[in-house]
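Residues per chain are reported as follows:
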There are 2 protein chains.
Amino acid sequence: MPKETFFNLPEEKRQHFLEIALAEFASHDYANASISRIVAQAGIAKGSFYQYFADKAELYRYLLELGAQQKAQFLATPPPEADMDIFAYLAWLAQAGVQFELAHPQLSQIGYRAVKSGDVPSELMQQARASAYTFFAQLVAQGKTQGSIDAQIDEELAAFIFHTIITELGGYLLSRVEENAADRLADGRSFFDSPAADLFNQTIHILQFGMGAR
Amino acid sequence: MPKETFFNLPEEKRQHFLEIALAEFASHDYANASISRIVAQAGIAKGSFYQYFADKAELYRYLLELGAQQKAQFLATPPPEADMDIFAYLAWLAQAGVQFELAHPQLSQIGYRAVKSGDVPSELMQQARASAYTFFAQLVAQGKTQGSIDAQIDEELAAFIFHTIITELGGYLLSRVEENAADRLADGRSFFDSPAADLFNQTIHILQFGMGAR
DNA sequence: CCCTGATGTGACTGGTCAGTCATATGACCT
DNA sequence: AGGTCATATGACTGACCAGTCACATCAGGG
């Protein structure tokens, strides 16, 4: 957590600094992100940075936390209905993931890098990863009781597949329909009219049929 | 490609150097791998390294190339039968991938890092990535003519799913049955007796049912 | 025994980095 | 005007890095 001095900064200056730090960590991995570059770009002295943050790691953790908060907010907007079909829920989750990636590409990049490529092997990350897995595993268990997932399928394995596809799908779809990404960003719902929507639905259907009771 | 002097080195010394370089690049990403550490560990002078390689990038490219050769060799052993069912072929590919990971964990690590996490954005890597995609896309096209894949499924999308699952599955399975990995390594075929084999088959079946003609 | 060409060597250069610290600035109170 | 406290500053330290280069070593031929 940043020091008090950071929060005492005028709102505008703090936001400006965060934007620059975000850009730096989005375009370089942890080892290559440079505090020297950040402060130069933000127009503050090196020493000032160390009045705000204990060290580089603290800034990084703070950015990750901001990202997690933003994403949690994204995923919380329409509260999941209790006994929704889990594939519908999965579709909703994946779609929200894409929306998040469109709305916060830098945060997405930082988060993606944090989970992939053994940067940050801190307990914190291991823990986040594990809880994502158990979340999906619970989803699978629910799917089994609903009868929409074959009871013989290994729950952890199915969770792994969900997690993997959800993690990678957004980036893939965006890379396929890059050109007018900004347009779709303007109106959230328009994503479903985009050419990506069909690909999106196909993916969910493949999982649905693939895991459905035989 | 290394300089001639490198190949003039006595076999033993060259191998020893490569082992150390491999370990370094497997445990650090490109930016953090250190030539200074490598030469110190290998017991050669910094200057000598630069008699063998033009620069750090050349060593890295060489290691990647060695990895690609080894993997190609792994995937070439039983020549794919002409009109094998493509899911059987996919299963074989994935299994060969796991075998490779067991046999050459360091090469796997380096290769994985190279494709993930925008290290090495050199044309070379983009190209390798693209050719992997078209390879899978062709496989999907073949599956459609065989009737084992629904004609309505987007070929590129299916290729993406194949590629993603194949890439991640090995690591996941190995992480789930870590304890006696070394045992299975001893005899290649014994993988199919391992507890991972069932998970493995389930995965292929999910894709098979998921993509099968409706 | 010396010459020559290939190979080995490690101190050195110039660069970047994270983090520190003595000093300066400014705000607010008395 | 003086005093006190929080904050700002950037030169500096020590560390590491990739890559260089003048020099040492060694092998084999004449």
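If you're wondering where the values come from, they're calculated on a predicted model, not measured in any experiment.

(A) Spatial organisation of the overall build of chain A. Helices and strands together make up the secondary structure of chain A, namely 11 helices and zero strands. Listed N to C, the secondary structure of chain A is α-α-α-α-α-α-α-α-α-α-α in terms of helices and strands. Out of the 214 residues in chain A, the part that is buried amounts to 47%. Expressed as a percentage of contacts within chain A between residues at least 6 apart in sequence, the contacts between residues at least 24 apart total 67%. Surface accessibility of chain A: about 10600 Å² in total, with carbon and sulfur atoms responsible for 54%.

(B) Representation of the pattern of salt bridges. Residues and elements named next belong to chain A. Enumeration according to the criterion identifies 13 salt bridges over all chains in this entry. With its nearest N and O atoms 2.8 Å apart, the salt bridge here joins E24 to R37. Taken together, the residues E24 in helix α2 (residues 11-27) and R37 in helix α3 (residues 35-42) connect sequence positions 13 residues apart. Classification of E24 by relative accessible area gives buried; the value is 7%.

(C) The arrangement of the protein's contact with DNA strand C in detail. The immediate surroundings of DNA strand C are formed by 20 residues, with K46(A), Y50(A), K56(A), N8(B) and G47(B) found nearest. Atoms of DNA strand C within 4 Å of the protein: sugar and phosphate make up 59%, bases the balance. In this structure, G47(B) approaches DNA strand C through a main-chain N or O atom, which is 3.3 Å from a base oxygen. Contacts to DNA strand C include Y52(B), whose side-chain N or O atom sits 3.1 Å from a phosphate oxygen. Counting only elements with at least two residues in the surface near DNA strand C, the list comes to α3 and α4 (46-52) of chain A together with α1 (4-8) and α4 (46-52) of chain B. At five residues, the largest contribution of residues to the surface near DNA strand C is made by α4(B). For the surface near DNA strand C, the class distribution of residues is six nonpolar, eight polar and six charged.

(D) Examining the interface of chain A and chain B more closely. Contacts between the two partners involve 29 residues from chain A, matched on the other side by 29 residues from chain B. Buried area between chain A and chain B, both sides added, is near 2800 Å², and the carbon and sulfur share of it is 67%. It is L157(A), Y172(A) and I206(A) that lose the most area in chain A upon contact with chain B, and together they represent 22% of the buried surface on that side. Connecting chain A to chain B are five salt bridges. Residue R176(B) is joined to D154(A) by a salt bridge in which the shortest nitrogen-to-oxygen separation is 2.7 Å. The interface formed by chain A and chain B includes 10 residue pairs in polar contact (both at pLDDT 80 or more).

(E) Summary view of the packing of helix α5 (residues 56-76) of chain A against helix α6 (residues 86-103) of chain A. All names here are of chain A. Contact pair α5 / α6: the axes reach a minimum separation of 9 Å and the direction vectors enclose 135 degrees. Here α6 runs oblique to α5, going by the angle between their axes. The two elements α5 and α6 meet at a crossing, and its hand is right-handed. Within the contact between the two elements, α5 uses G67, Q70, K71, F74 and L75 and α6 uses W92, L93, A96, Q99, F100 and A103. Of the residues in the contact of α5 with α6, the class split is seven nonpolar, three polar and one charged.

(F) Spotlight on helix α2 (residues 11-27) of chain B. All names here are of chain B. A rise of 1.5 Å per residue sets the reference length of α2, with its 17 residues, at 24 Å; its end C-alpha atoms lie 24 Å apart and thus fit the reference within 8%. Every buried residue of α2 is listed here: R14, F17, L18, I20, A21, L22, E24, F25 and A26. Those residues of α2 that are buried are in contact with α1, α3 (35-42), α4, α5 (56-76) and α7 (105-115).

(G) Main features of the protein's contact with DNA strand D. Residues in close proximity to DNA strand D total 20 residues, the closest being T5(A), N8(A), G47(A), S48(A) and K56(B). Protein-adjacent atoms of DNA strand D, using a 4 Å cutoff, are sugar or phosphate at a proportion of 57%. The contact in question runs from a phosphate oxygen of DNA strand D to an N or O atom on the side chain of N8(A), over 2.6 Å. Between S48(A) and DNA strand D, the recorded distance is 3.4 Å, taken from a side-chain N or O atom to a phosphate oxygen. Those elements giving two or more residues to the surface near DNA strand D turn out to be α1 (4-8) and α4 of chain A together with α3 and α4 of chain B. In terms of residue count, the dominant contributor to the surface near DNA strand D is α4(A) (five residues). Across the surface near DNA strand D, the residue classes break down as six nonpolar, eight polar and six charged.

(H) Spatial organisation of the packing of α2(A) against helix α7 (residues 105-115) of chain A. All names here are of chain A. Interaxial distance between α2 and α7 falls to 8 Å at its minimum, and their mutual angle equals 45 degrees. What the angle tells us is that α2 and α7 run oblique. Here α2 and α7 pass one another in a crossing that is left-handed. On the side of α2, the interface is formed by L22, A23, F25, A26 and S27, while α7 contributes Q106, L107, Q109, I110 and R113. Grouping the constituent residues of the contact of α2 with α7 by class yields six nonpolar, three polar and one charged.

(I) Region of the structure containing the nonpolar core. Among the nonpolar cores identified, the biggest contains 68 residues, and F162(A), M211(A), F162(B) and M211(B) are the most heavily contacted of them. Only α6, α8 (123-146), α9 (155-176) and α11 (196-211) of chain A together with α6 (86-103), α8 (123-146), α9 (155-176) and α11 (196-211) of chain B provide two or more residues apiece to this core. In contact with F162(A), not counting residues within four places along its chain, are I86(A), F87(A), L90(A), F136(A), V140(A), I149(A), L207(A) and M211(A).

(J) Highlighting the relation of the copies chain A and chain B. For the pair chain A and chain B, the best superposition has an RMSD of 0.0 Å and corresponds to a rotation of 180 degrees with a translation of 0.0 Å parallel to the axis. Put plainly, the chains are arranged around a two-fold axis. Measuring from the rotation axis to each C-alpha of chain A, the shortest distance belongs to G210(A), at 1.8 Å. Both copies present the same face, since 100% of the interface residues in chain A are matched by interface residues at the equivalent positions in chain B.

So, how was this worked out
Residues numbered from 1 in each chain as written. Chains lettered and ligands numbered in written order. Predicted model: local features only at pLDDT ≥ 70, side-chain atom pairs only at ≥ 80, totals over all residues. Heavy atoms only, no water. Helix = DSSP H or I, 4+ residues; strand = E, 2+ residues; numbered from the N terminus. Buried < 20%, exposed > 50% of the residue type's maximum accessible area, 1.4 Å probe, protein only. Contact = heavy atoms within 4.5 Å. Areas by Shrake-Rupley, 256 points an atom, 1.4 Å probe, with all protein chains shown as cover. Salt bridge = Lys/Arg side-chain N within 4 Å of Asp/Glu carboxyl O. Near = heavy atom within 4 Å. Polar contact = N/O pair within 3.5 Å; in protein donor to acceptor, adjacent residues only side chain to side chain. Nonpolar A, V, L, I, M, F, W, Y, C, P; charged D, E, K, R; others polar. Buried area = accessible area lost by both parts, 1.4 Å probe. Axes fitted to C-alpha atoms, helices over the stretch in contact; angles between N-to-C directions. Parallel < 35°, antiparallel > 145°, perpendicular 65-115°, else oblique. Left-handed = near helix turned anticlockwise from the far one by under 90°. Expected span 1.5 Å × (residues − 1). Core = buried A, V, L, I, M, F, W, Y, C linked by side-chain atoms within 4.5 Å. Least-squares fit on C-alpha atoms with pLDDT ≥ 70 in both.

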